[in-house]
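Below are the chains, spelled out letter by letter.
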Amino acid sequence: MLLQYANMESDYLLNEDGNEDRSSIQKDNVQKENKSKNTSSSGHTETQVYKKRWYIVMMFSMLAFLQGTVWNTWGPISNSAQAVYHWSDFEIGMFINYADIAFVLTAFPATWLIQNKGLRYGVVTSAAFLTLCSGIRCLPLPDDVFIWAVNAASVLNGVSSCVVNVAPPAISAIWFPMEERTTATAIGSIFAYLGIASSFLIGSVVVGEHKYLPELINSSLINATSSLDIFSTSGTENNYTDLFNIGEQRKKIKTLMYLEFGLCALLLLAVLIHFPSRPPKPPTVSAAVQRSNFLPGILQLFRSVQFWLLLIAYGVPVGIYGVFGTVLNANLGPDGITQDETAWLGFYSTVGGALAGLFVSW
C-alpha cells in the first residue's frame, strides 16, 4: 500500500526474531497518545480528534467505490459488448490489463504526490482522472474508434487507481487516533472491492442480457449482420427481429456510461469543494512526526524481510482474484452460465469477501 507510511506504524512490526507482542505495544502506545492530548502548554504536541475524519474517509471511500465500479465495467456485460461492438474475449480482457499496467507504472509517482503535496492533491487528481476516464467513454464515436477510446479510458482508470490503493494508510495515520486506524484503513480499502461488486449488479440491472444473446454470439449471424443495428431474418422460426435489438442494447450500454460519468463528475465536484489534506491539529503525537524521505524510505522498506512476506501474502491472492473475477463471464459462459447469473455470482462473492475483511479488521 502506501510505501512511505510503512514505517508509521513501526510498533506493529515484528522484530528480527519475530517475538514482538503486538497487543501490548498497541495498548502502551494508545495510553501514551492519550496522555499527550491537549498538553501544548507543557511542551508536548497538542492533539485533537475531529468528527470530520469520518467525512474524509467516506469521501475517499466513494472515490474507491467508483474507481472499482468503472474498472470492472466491461467484464459483467461482456456478452452484450461483444454483440454490439463485436469485441473478442481477448480485447475485453485487455481493458483490465491496460489499467493494471498503468497502475504499476504510476504507483510510485502517486505515493510521492501524497507524501510531498498532501492528501488533497492526490485525491483530487485521482477523481479528475476517473472523471476523464468515464467521460471519454461517453463520446459518440464509431465502433472502430470507440475501442481505442475505451483502451485510453482504461489507462486513465489505472492512473486513478494508484491513489485509491496507496492512500488508506495515510488517511488513517493523518486523521485517526491510534485505536481507530486499522478500521479506517479497512474501510478505505474495502470500498474498492464493494465498487467491483456493484459493477456486477449495475451491469445486470442497467444492461442485462437478452434471452437469445448467447446463441447470437455463438452463431455466424452476428458476423453476417455486423453493419446492422437490428438482427433480422425472415420466414424462419429463428426470426430474432422482435427478440433482440442491437440498437436497444447499445442504448443500455450508453446509459451505463452516462451513469458512471455523472457519478464521477459529482464526486470530483465534491472533493474540489472540500477535502483538506490534514486536520488543524494532529489526532496523535505520531501523526505530527516528520516522516523519512521518499527514496530512502523505499530502499529501507525493500530491505525488510517482513515487507516481502506481507507483499507476497497479499499480492498473490489479490492478483489471482482480480484476474479471474473480471473475466468471470468469459470463463463461465461456455459452461452454459448466463451473463446475468455470472453477474450475481460475482456480486455475492465480492461482497462476501469485503464484509469478511471488514469484520476481521474490527
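Remember, it's a predicted structure, so these values are computed and weren't measured experimentally.

Once that is clear, we can look at the overall build of the chain. The secondary structure content of the chain amounts to 15 helices and zero strands. When each of the 362 residues of the chain is scored for burial, the buried share is 46%. Counting only contacts in the chain whose residues sit at least 6 apart along the sequence, the fraction spanning at least 24 positions is 82%. Of the roughly 18,100 Å² of accessible surface on the chain, 64% is carried by carbon and sulfur atoms.

For the rest of this paragraph, the subject is the packing of aromatic side chains. Using the criterion set out here, one finds twelve aromatic pairs in the structure. Geometrically, the ring pair formed by tryptophan 74 and tyrosine 85 is edge-to-face, given 6.4 Å between the ring centres and 85 degrees between the ring planes. Taken together, the positions of tryptophan 74 in the loop between helix H2 (52-71) and helix H3 (78-85) and tyrosine 85 in helix H3 put the pair eleven residues apart, joining distant regions of the chain. For the pair shown, tryptophan 74 and tyrosine 85 are each scored as buried. Summarising the aromatic geometry, the rings of tryptophan 87 and phenylalanine 146 are spaced 6.1 Å apart at their centres and angled 10 degrees between planes, so their arrangement reads as stacked. Note that tryptophan 87 is positioned in the loop between H3 and helix H4 (89-117) and phenylalanine 146 in helix H6 (residues 143-166), a separation of 59 residues in sequence. The two residues tryptophan 87 and phenylalanine 146 agree in class, both being buried. Ring-pair connections join several aromatic residues into one group, and the members of that group are Trp74, Tyr85, Trp87, Phe95 and Phe146.

Moving on to the environment of phenylalanine 275. One can find phenylalanine 275 in the loop between helix H11 (246-273) and helix H12 (294-302). For the pair formed by phenylalanine 275 and tyrosine 121, sequence separation is 154 residues and the distance between their alpha carbons is 9.2 Å. Residues in contact with phenylalanine 275, not counting those within four places in the same chain, are Ile56, Met59, Phe60, Leu119, Arg120 and Val123.

Taken N-terminus to C-terminus, the directions of H2 and helix H8 (residues 181-207) make an angle of 35 degrees; their axes are 7 Å apart at the nearest point. In the packing of H2 onto H8, the handedness of the crossing is right-handed. On the side of H2, the interface is formed by Trp54, Val57, Met58, Phe60, Ser61, Met62, Ala64, Phe65, Gly68, Thr69 and Trp71, while H8 contributes Ala184, Ile187, Gly188, Phe191, Ala192, Leu194, Gly195, Ile196, Ser198, Ser199 and Ile202. Residue classes in the contact of H2 with H8 are distributed as 15 nonpolar, seven polar and no charged.

For the chain, per-residue confidence averages 77 on the pLDDT scale, and 74% of positions sit at 70 or higher. Contacts of residues 1-25 to residues separated by more than four positions or lying in other chains number 39 contacts, the stretch itself having pLDDT below 50. Scored below 50 in pLDDT, residues 219-243 shows 36 contacts in the model against residues more than four places distant or in partner chains.

With that out of the way, let us pick up the packing of H4 against H6. Running from N to C, H4 and H6 point in directions that differ by 40 degrees, and their axes come no closer than 6 Å. Overall, the two elements H4 and H6 adopt an arrangement that is oblique. Where H4 crosses over H6, the two elements pack in a sense that is right-handed. Of the residues assigned to the contact of H4 with H6, the class counts are 15 nonpolar, eight polar and one charged.

The subject of this paragraph is the side chain of serine 161. Assignment of secondary structure puts serine 161 in helix H6. Not counting the four nearest positions on each side in its chain, serine 161 is found in contact with Gln67 and Phe103.

Ranked by size, the top nonpolar core spans 39 residues in total, and within it Leu63, Leu119 and Val271 carry the most contacts. Breaking this core down by element, the ones donating at least two residues are H2, H4, helix H5 (119-136), H6, helix H7 (168-175), H8 and H11. For this core, the leading source of residues is H2, giving eight residues. Apart from residues no more than four positions distant in its own chain, leucine 63 is found in contact with Val123, Ser126, Ala127, Leu130, Val164 and Leu267. Trp74, Val84, Ile253 and Leu256 belong to the second largest nonpolar core, which has 18 residues in total.

Before going further, it helps to examine a nonpolar patch on the surface. Taken together, the side chains of Phe108, Phe302, Trp308, Leu311, Ile312, Val316 and Ile320 present a nonpolar region at the surface, about 650 Å² in accessible area. Counting residues per element, the nonpolar patch draws most heavily on helix H13 (residues 305-326), which supplies five residues. Using a relative accessible area of 38% as the deciding quantity, one classes tryptophan 308 as partly exposed.

Here the focus is the pattern of salt bridges. A full pass over the atoms with the stated rule returns five salt bridges. Across the pair lysine 281 and glutamate 46 runs a salt bridge, and its minimum N-O distance is 2.7 Å. Placement of lysine 281 in the loop between H11 and H12 and of glutamate 46 in the loop between helix H1 (22-35) and H2 is noted, with a sequence separation of 235 residues between them. With relative accessibility at 27%, the residue lysine 281 sits in the partly exposed group.

What counts as what
- Residues numbered from 1 in each chain as written.
- Predicted model: local features only at pLDDT ≥ 70, side-chain atom pairs only at ≥ 80, totals over all residues.
- Heavy atoms only, no water.
- Helix = DSSP H or I, 4+ residues; strand = E, 2+ residues; numbered from the N terminus.
- Buried < 20%, exposed > 50% of the residue type's maximum accessible area, 1.4 Å probe, protein only.
- Contact = heavy atoms within 4.5 Å.
- Areas by Shrake-Rupley, 256 points an atom, 1.4 Å probe, with all protein chains shown as cover.
- Phe/Tyr/Trp six-rings, centres within 6.5 Å; stacked < 30°, edge-to-face > 60°.
- Axes fitted to C-alpha atoms, helices over the stretch in contact; angles between N-to-C directions.
- Left-handed = near helix turned anticlockwise from the far one by under 90°.
- Nonpolar A, V, L, I, M, F, W, Y, C, P; charged D, E, K, R; others polar.
- pLDDT = per-residue confidence, 0-100.
- Parallel < 35°, antiparallel > 145°, perpendicular 65-115°, else oblique.
- Core = buried A, V, L, I, M, F, W, Y, C linked by side-chain atoms within 4.5 Å.
- Patch = residues over 30% accessible without salt bridge, like charges linked within 9 Å, V, L, I, M, F, W, Y side chains within 5 Å.
- Salt bridge = Lys/Arg side-chain N within 4 Å of Asp/Glu carboxyl O.

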